[in-house]
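# Structural overview
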Amino acid sequence: KAGVTQTPRYLIKTRGQQVTLSCSPISGHRSVSWYQQTPGQGLQFLFEYFSETQRNKGNFPGRFSGRQFSNSRSEMNVSTLELGDSALYLCASSLQNTGELFFGEGSRLTVL
Amino acid sequence: SQQGEEDPQALSIQEGENATMNCSYKTSINNLQWYRQNSGRGLVHLILIRSNEREKHSGRLRVTLDTSKKSSSLLITASRAADTASYFCATDGIRETSGSRLTFGEGTQLTVNP
């Protein structure tokens, strides 16, 4: 069974631009969640989607958004990028209510 | 802010020694999990312990949970160089809507020297 796939793995953007990150969950997993990891703030929850509906949202500004498609694939978008958005963005999928998350390798975003 | 705090922040040991990492959290939980992360990579799930369990084993891993003290420990026995990684504890919320929302600790960087 293929694992969680995130694309792109690395990207560089400049301030003010926007970025879209993609995540394909493990087949059969309907929950997809996103986390931001930075040296200063650690791992922080962004949002979770289940069956195309946002089920939970972390404390991030509205510039951070996401969506989930009918095949459970998910995208997250960050608009008007700031230097502080430079981070490793991790996507995780899970079966409903099992607790265990399966993470992708992450998308490393650098904002210049 | 992070709910979990981990102790120590960094740990350096020799191969064959045991490594113990501790985690404290602030709110009531359904379960607590431990994850491992190799440098710049994704996280890998190690073990999950439910709030009504006190101890759990998986291979060379032993996890304890003390809900009265809101703390957990992860013991890795007979460590290997390949165990070098960052280790994170993660807790869910007791609310029904917690879903897959986890709060991670700050992590312990373990270095196992050959």
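Analysis parameters
Residues numbered from 1 in each chain as written. Chains lettered and ligands numbered in written order. Predicted model: local features only at pLDDT ≥ 70, side-chain atom pairs only at ≥ 80, totals over all residues. Heavy atoms only, no water. Phe/Tyr/Trp six-rings, centres within 6.5 Å; stacked < 30°, edge-to-face > 60°. Helix = DSSP H or I, 4+ residues; strand = E, 2+ residues; numbered from the N terminus. Buried < 20%, exposed > 50% of the residue type's maximum accessible area, 1.4 Å probe, protein only. pLDDT = per-residue confidence, 0-100. Disulfide = S-S within 2.5 Å.

Below, the discussion takes up the packing of aromatic side chains. Scanning the entire structure with this criterion turns up 8 aromatic pairs over all chains. Residues Tyr35 of chain A and Phe104 of chain B carry aromatic rings whose centres are separated by 5.4 Å and whose planes lie at 90° to one another, so their mutual orientation is edge-to-face. Highlighted residues: Tyr35 of chain A in strand 4 (residues 31-38) and Phe104 of chain B in strand 10 (residues 103-104), drawn from two different chains. Judged by relative accessible area, Phe104 of chain B falls into the buried class, the value being 0%. Measuring from centroid to centroid gives 5.7 Å for Phe103 of chain A and Tyr35 of chain B, while their planes differ by 85°, and the two rings are edge-to-face. In this pair, Phe103 of chain A sits in strand 10 (residues 102-103) while Tyr35 of chain B sits in strand 4 (residues 31-37), so the two residues belong to two different chains. Tyr35 of chain B shares its class with Phe103 of chain A; the two are buried. Every member of this aromatic cluster is reached through a ring pair, and the members are Tyr35, Phe45 and Phe103 of chain A together with Tyr35 and Phe104 of chain B.

Turning our eyes to something else, we now look at the confidence of the model for chain B. Per-residue confidence for chain B gives a mean pLDDT of 91; residues scoring 70 or more make up 91%. Per-residue pLDDT, averaged within each element of chain B, yields its smallest value for strand 1 (residues 5-7) of chain B (83) and its largest for strand 7 (residues 61-66) of chain B (98).

Moving on, we come to the state of the cysteines. All told, the structure shown has 2 disulfides over all chains when counted by the stated rule. The disulfide partner of Cys23 of chain A is Cys91 of chain A, and the gap between their sulfur atoms is 1.8 Å. Looking down the S-S bond of the Cys23 of chain A and Cys91 of chain A bridge, the torsion is -60°, so its handedness is left-handed. With Cys23 of chain A in strand 3 (residues 19-24) and Cys91 of chain A in strand 9 (residues 87-94), the pair connects residues that are 68 residues apart, well separated along the chain. Taking the relative accessible area as the measure of exposure, Cys23 of chain A reaches 0% and is therefore buried. Given a relative accessible area of 0%, Cys91 of chain A falls into the buried group. One disulfide bridge connects Cys23 of chain B with Cys89 of chain B, the sulfur atoms lying 2.0 Å from each other.

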